[in-house]
Amino acid sequence: MTTLPDIPIEVDGSHGEGGGQILRSSLALSMLTGRPFAIRNIRAGRQKPGLLRQHLAAVKAAGEISHAGLSGAELCSAELGFQPGPVDGGSYHFAVGTAGSTMLILQTILLPLCLAREPSEVVLEGGTHNPFAPPFDFLHRAFLPVIARMGAKVRMKLEKPGFYPAGGGRVVVHVEPCPALRPIDLLERGELKSRAAVAMVSNIPLQVAERELKLGRRRLDLGEQELQAINATEADGPGNVFMVVLEFSNLTELFTGFGELGTKAERLARKTCDQAERYLKSDAPVGDYLADQLLLPMAVAGGGSFRCTALSSHFQTNVGVIEQFLPIKITTGREDRLAWLVTINAGA
Amino acid sequence: MVIDRLELIHDSRNSDLAETVSTDVLQVSPESEVSRTVIDWKNPWDFEEVYGKLLDFCQAYPFNTDEEQYLAHLTTGTHVAQICLFLLTESRHLPGMLVQTGPSRRKNSALGTCHIIDLNLSRYDSIAARYHVRAEQGLDFLKAGIKTRNRKFNSMIEQIERVAINSKSPILIMGPTGSGKTQLAKRIYALKRSRNQVKGELVSVNCGTLRGDAAMAALFGHTKGAFTGADVERTGLLKTADKGIVFLDEISELGLDEQAMLLHALEEKRFRPMGADREVESDFQVIAGTNQDLHECVRRGNFRADLFARINLWTYQLPGLAERREDIEPNLDYECRRFEEMHGRKVRFNKEARKLYLDFATGPEAKWSGNFRDLSSSVTRMATMAGPKRINEAIVDGELERLRSQWMHQHPGDDLLADLLTPDQLAGLDLFDQLGLRETIRICRQHETLSEAGRRLFQVSRLRKTSTNDANRLKKYLERFGLNWSWIRETRMTSD
């Protein structure tokens, strides 16, 4: 299939789960390929359709790093036109309001900046640990090591956590240019190197963290040295996350639960442990969320494969968008109840 | 919703709080810019102070409605401040919409709620529809439920409806006799009454029936013994109409003294009854009716220019029935209903009879010189003839014959001579004589006595004569047509 580069790729925003993921993937792919796109029915499946402010923030950030021509870039707009120029590395500062996650902005611009010719320093302000978005620790500990193996040179530092709804967090990301990403295969976990349960609280009693760790310790049979309580006193608003980190020789996986008013600490910790136990029942290295994240870099690398525990609806949406922009074929096959093989092949 | 700029108004005592709020706003909404204005209130519950200072703020603010949209946040501040912001927004001193914010309805959600309120009521379909229904009801009221079709008439009624509801100023209704002036005045009163805009009564008076002392006494009242025959005290119609409406029909017939008193009463809302030492107060609205050209009356000196100027504000010319032929059918139905209400008996035409009548009534042959009065009498006659049965073609035929002969000798818009002369007499008169006689009668009716009328009519020749008996000359002129003074005067009094 060939498409003339100048004719915008038509993306239907109502496909798949119809959320913001399809928009973010389109923005990234458009900057990576230099091909313009027009998206219609943005978030058609949602209660409040159209661009919300955190989507607009992602569009504006993408527009800034790629000098893109924009149309329809306003709140509640159901259509957007995006015509990217070359991506420039450099110093950037992006802030996002209340409900917005800085990590979703980073997810949109990270790969284009990796493949730019100049290094970048990106300061992100807003939420760093938001529900319905990958938290800082996930990108830092699970995602970055994998794309580092593919050649990406990224360092990121959490200067101040920002929880929903107060926000006010700050993350600094350094990107060194790399000419291209290498295909890799991620089929085995390798040997288990470490386990940890981390409970972070901000402006709420430290006991909440202790209760979460107590439950995590019992459920996952952890030792005292594998528990870590963090009191993030520097953060602006109240917040709480509970994470289980499993480090293997080939990758690290991380599972997160977000505390909120009215949810008991034990319930939050139990649900997070449920995720970790489910992962441990399988031998596939890539968890549900990481699978969503890895599709894009592997597609950009032009090949690769991985084994994962499940295919989410985000995953399916991403496959559809990626195949529109890039001449690749993504095949999936189920191996057993908790293992899928995903293969990315160039020149479909 | 993204707010580009937040104008935070606070007093200097709360600067620290304002600083915290600004910082919080910028953290939660990095897209926004916060601009602070200090207004120190002596008393934030004092309406005058708060309104004045907020008005100053609005007037000094560089609003740029082409580039920016504004929202007035009503959720914070004293209730007085909220009321003032509302008023300033409603009066467009603050050219935007209102916004009301609040916490989320769901217990655990940090995301609040916000409601934007546009005060432009026409934007709201259901409200606009209700206003429309109410306006329609008002129009219906004025038209007594008659579905009139004449465009000019309908648009005039629409205007009258607005004026009637919004204004207490005098209304002047001009129109030929029988065109419905009295009816319209009654309905304007009923409309205002239904909207609670008048508390008092509707007092209708035909100025043509008021003469001399009696006129003054009737309008303004008198004390006991104020003049010969004033045996008891009388309140006066204008006092009776306090907080209500007085309908002065044939206002051109009012004497000059009464006109002066009326003007005073209108302007001062007070007047002095005859023989009284003190003025009484009365706040009434005037509706005036006339079939005369008041400009002409002013020119001739029979009507005070200042009074005319005072009542000539909302002036409406009611067209005659002949000019509203498309309204004859709905009015025919209305007259039938009215007859039914009065006599408790249905009035029906058979199909052919109705068509026959309407064809004639809307055709060029029908003069309708007595306007609605003619139509009403016509329906009464036919309904009476038909008795309990339907009105048939024979009855209509007879009625058309009667109408034809009634209008045969009349000139369009002229019933002055027809009132006084028989059709046969009129038929025997040259147009030359008709014109002279008509004007002479008109002048006669504007004067109290035969002598006064004579002086006016022979105003040049009387100066040259040695002995002047203008009254006699006039009397003889009238006798040539079989008319006399008292008859001319009497016919006038009953003519409307």
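Just above, that's the structure.
Residues numbered from 1 in each chain as written. Chains lettered and ligands numbered in written order. Predicted model: local features only at pLDDT ≥ 70, side-chain atom pairs only at ≥ 80, totals over all residues. Heavy atoms only, no water.

Asker: How should I be thinking about the overall build of chain A in this particular structure?
Answerer: Across its full length, chain A carries eight helices and 16 strands. Contacts in chain A between residues at least 24 apart in sequence constitute 71% of all its contacts with a sequence separation of at least 6. When the accessible surface of chain A is summed, it comes to about 14600 Å², and 51% of that surface belongs to carbon and sulfur atoms. (Helix = DSSP H or I, 4+ residues; strand = E, 2+ residues; numbered from the N terminus. Contact = heavy atoms within 4.5 Å. Areas by Shrake-Rupley, 256 points an atom, 1.4 Å probe, with all protein chains shown as cover.)

Asker: How should the overall build of chain B be read in this particular structure?
Answerer: Scanning chain B for helices and strands turns up 22 helices and 12 strands. Considering chain B as a whole, with its 496 residues, one finds that 42% of them fall into the buried category. Taking as baseline every contact in chain B between residues at least 6 positions apart, the subset at least 24 positions apart corresponds to 68%. Here chain B has roughly 27100 Å² of accessible surface; of this, 51% comes from carbon and sulfur atoms. (Buried < 20%, exposed > 50% of the residue type's maximum accessible area, 1.4 Å probe, protein only.)

Asker: Looking at this model, I keep getting lost on the environment of Ser405 of chain B. Mind explaining?
Answerer: All names here are of chain B. Along the chain, Ser405 turns up in helix α15 (residues 393-408). Classification of Ser405 by relative accessible area gives partly exposed; the value is 35%. As for Ser405 and Pro423, which are separated by 18 residues in sequence, their C-alpha atoms are 7.9 Å apart.

Asker: Would you mind showing me how to read the nonpolar core here?
Answerer: As a rule of thumb, soluble globular proteins bury nonpolar side chains together. Counting residues in each nonpolar core, the largest one holds 111 residues, and the members touching the most others are Leu110, Val173 and Phe306 of chain A. In contact with Phe306 of chain A, not counting residues within four places along its chain, are Leu186, Leu187, Val286, Ala291, Leu294, Met298, Phe315, Trp340, Leu341, Val342 and Ile344 of chain A. (Core = buried A, V, L, I, M, F, W, Y, C linked by side-chain atoms within 4.5 Å.)

Asker: Even after reading the chapter, I still don't get the packing of helix α1 (residues 21-33) of chain A against helix α3 (residues 102-114) of chain A, so can you show me in this structure?
Answerer: Two packed helices can be described by the angle between their axes and the distance between those axes. All names here are of chain A. At a minimum axis distance of 8 Å, the contact between α1 and α3 shows a crossing angle of 20°. Comparing the axis directions of α1 and α3 gives the class roughly parallel. As α1 runs across α3, the sense of the crossing is right-handed. Here Gln21, Arg24, Leu27, Ala28, Met31 and Leu32 of α1 lie close against α3, whose contacting residues are Leu104, Gln107, Thr108, Ile109, Leu111 and Pro112. Along the lines of polarity and charge, the residues of the contact of α1 with α3 split into eight nonpolar, three polar and one charged. (Axes fitted to C-alpha atoms, helices over the stretch in contact; angles between N-to-C directions. Parallel < 35°, antiparallel > 145°, perpendicular 65-115°, else oblique. Left-handed = near helix turned anticlockwise from the far one by under 90°. Nonpolar A, V, L, I, M, F, W, Y, C, P; charged D, E, K, R; others polar.)

Asker: I keep staring at the pattern of salt bridges and nothing clicks. Help me out?
Answerer: Pairing is possible between side chains of opposite charge, provided their charged atoms come close. Enumeration over the complete set of coordinates arrives at 42 salt bridges over all chains. Close ionic contact of Lys329 of chain A with Glu323 of chain A constitutes a salt bridge, the shortest N to O distance being 4.0 Å. In this structure Glu323 of chain A comes out as partly exposed when scored by relative accessible area, which is 24%. Through salt bridges with shared partners, one network takes in Glu296, Arg299, Arg300, Glu439 and Arg442 of chain B. (Salt bridge = Lys/Arg side-chain N within 4 Å of Asp/Glu carboxyl O.)

Asker: Sorry if this is basic, but what is going on with the packing of aromatic side chains here?
Answerer: We describe a pair of aromatic rings using the distance from one ring centre to the other and the angle between the two ring planes. Residue and element names in this part refer to chain B. In total, this model carries 15 aromatic pairs over all chains according to the counting rule given. Geometrically, the ring pair formed by Phe360 and Trp407 is stacked, given 6.2 Å between the ring centres and 0° between the ring planes. Here the residue Phe360 occupies a position in helix α13 (residues 351-362), and Trp407 occupies one in helix α15, the gap between them amounting to 47 residues. Exposure remark for Phe360: the relative accessible area of 6% places this residue in the buried category. (Phe/Tyr/Trp six-rings, centres within 6.5 Å; stacked < 30°, edge-to-face > 60°.)

Asker: I'm lost on the interface of chain B and chain A in this one. Help?
Answerer: By a widespread convention, an interface's size corresponds to the accessible area lost as its parts come together. Of the residues lining the interface, 10 residues belong to chain B; the matching set on chain A comes to 14 residues. Summed over both partners, the interface of chain B with chain A buries about 1100 Å², with 50% contributed by carbon and sulfur atoms. Of the charged contacts in the structure, one is a salt bridge between Glu31 of chain B and Arg53 of chain A, with a shortest N-O distance of 2.7 Å. Counting across the chain B and chain A interface gives six residue pairs in polar contact (both at pLDDT 80 or more). Broken down by class, the residue content of the side of chain B that touches chain A amounts to six nonpolar, three polar and one charged. (Buried area = accessible area lost by both parts, 1.4 Å probe. Polar contact = N/O pair within 3.5 Å; in protein donor to acceptor, adjacent residues only side chain to side chain.)

Asker: Looking at this structure, I do not really get the packing of helix α2 (residues 47-60) of chain B against helix α3 (residues 79-90) of chain B. What am I missing?
Answerer: All names here are of chain B. For the pair α2 and α3, interaxial distance at closest approach is 9 Å and the crossing angle is 45°. With respect to their mutual orientation, α2 and α3 come out oblique. The way α2 lies across α3 gives a crossing that is right-handed. Every residue of α3 that contacts α2 at Phe47, Val50, Tyr51, Leu54, Leu55 and Cys58 is listed here: Val80, Ala81, Ile83, Cys84, Leu85, Leu87 and Leu88.

Asker: Whenever I open this one, the sheet that holds strand β14 (residues 304-308) of chain A confuses me. Can you help?
Answerer: Across a sheet, paired strands are connected by hydrogen bonds in the backbone, their directions being either parallel or antiparallel. Residue and element names in this part refer to chain A. With respect to topology, four strands assemble into an open sheet ordered β9-β14-β16-β15, the strand pairing being mixed. In this open sheet, the two edge strands, each paired with only one partner strand, are β9 (185-186) and β15 (328-336). Relative to strand β16 (residues 339-346), β15 runs antiparallel, the two being bridged by eight bridges. Bridged to Ile328 within β16 is Ala346. The sheet strands contacting helix α8 (residues 313-325) are β14, β15 and β16, and the helix crosses β15 at an angle near 155°. (Pairing = 2+ DSSP bridges.)

Asker: Got a minute to help me understand the environment of Asp327 of chain B in this structure?
Answerer: All names here are of chain B. Along the chain, Asp327 turns up in the loop between β12 (314-317) and α12 (328-343). Sequence spacing of Asp327 and Lys147 is 180 residues, and the spatial spacing of their C-alpha atoms is 7.9 Å. Among residues more than four places away in sequence, those in contact with Asp327 are Thr148, Arg149, Asn150 and Phe153. Reaching out from Asp327, the side chain makes a polar contact with the backbone nitrogen of Arg149 at a distance of 2.3 Å.

Asker: Help me understand the sheet that holds strand β6 (residues 120-126) of chain A, please; the structure alone is not making it clear to me.
Answerer: Residues and elements named next belong to chain A. Here we have four strands laid out as an open sheet, ordered β5-β6-β8-β7, and mixed in their pairing. Whereas interior strands pair on both sides, the edge strands pair on one side only; in this sheet they are β5 (91-95) and β7 (153-160). Each adjacent strand pair in this sheet contributes to an overall mean axis angle of 15°, direction not counted. Bridge count between β5 and β6: five bridges; the pairing is parallel. By the bridge assignment, Phe94 is partnered in β6 with Leu124. With respect to the sheet, helix α4 (residues 136-149) is in contact with β7 and β8 (169-176), its orientation differing from that of β7 by roughly 155°.

Asker: Could you clarify how one ought to interpret a positive patch on the surface in this entry?
Answerer: All names here are of chain A. Positive charge collects at one region of the surface, where Lys214, Arg218, Arg267, Arg270 and Lys271 lie side by side. Secondary-structure elements contributing two or more residues to the positive patch are α5 (206-220) and α6 (265-281). Tallying contributions element by element places α6 first for the positive patch, with three residues. The topology assignment puts Arg218 in helix α5. (Patch = residues over 30% accessible without salt bridge, like charges linked within 9 Å, V, L, I, M, F, W, Y side chains within 5 Å. Lys, Arg positive; Asp, Glu negative; His and termini not counted. Charge placed at Lys NZ, Arg CZ, Asp CG, Glu CD.)

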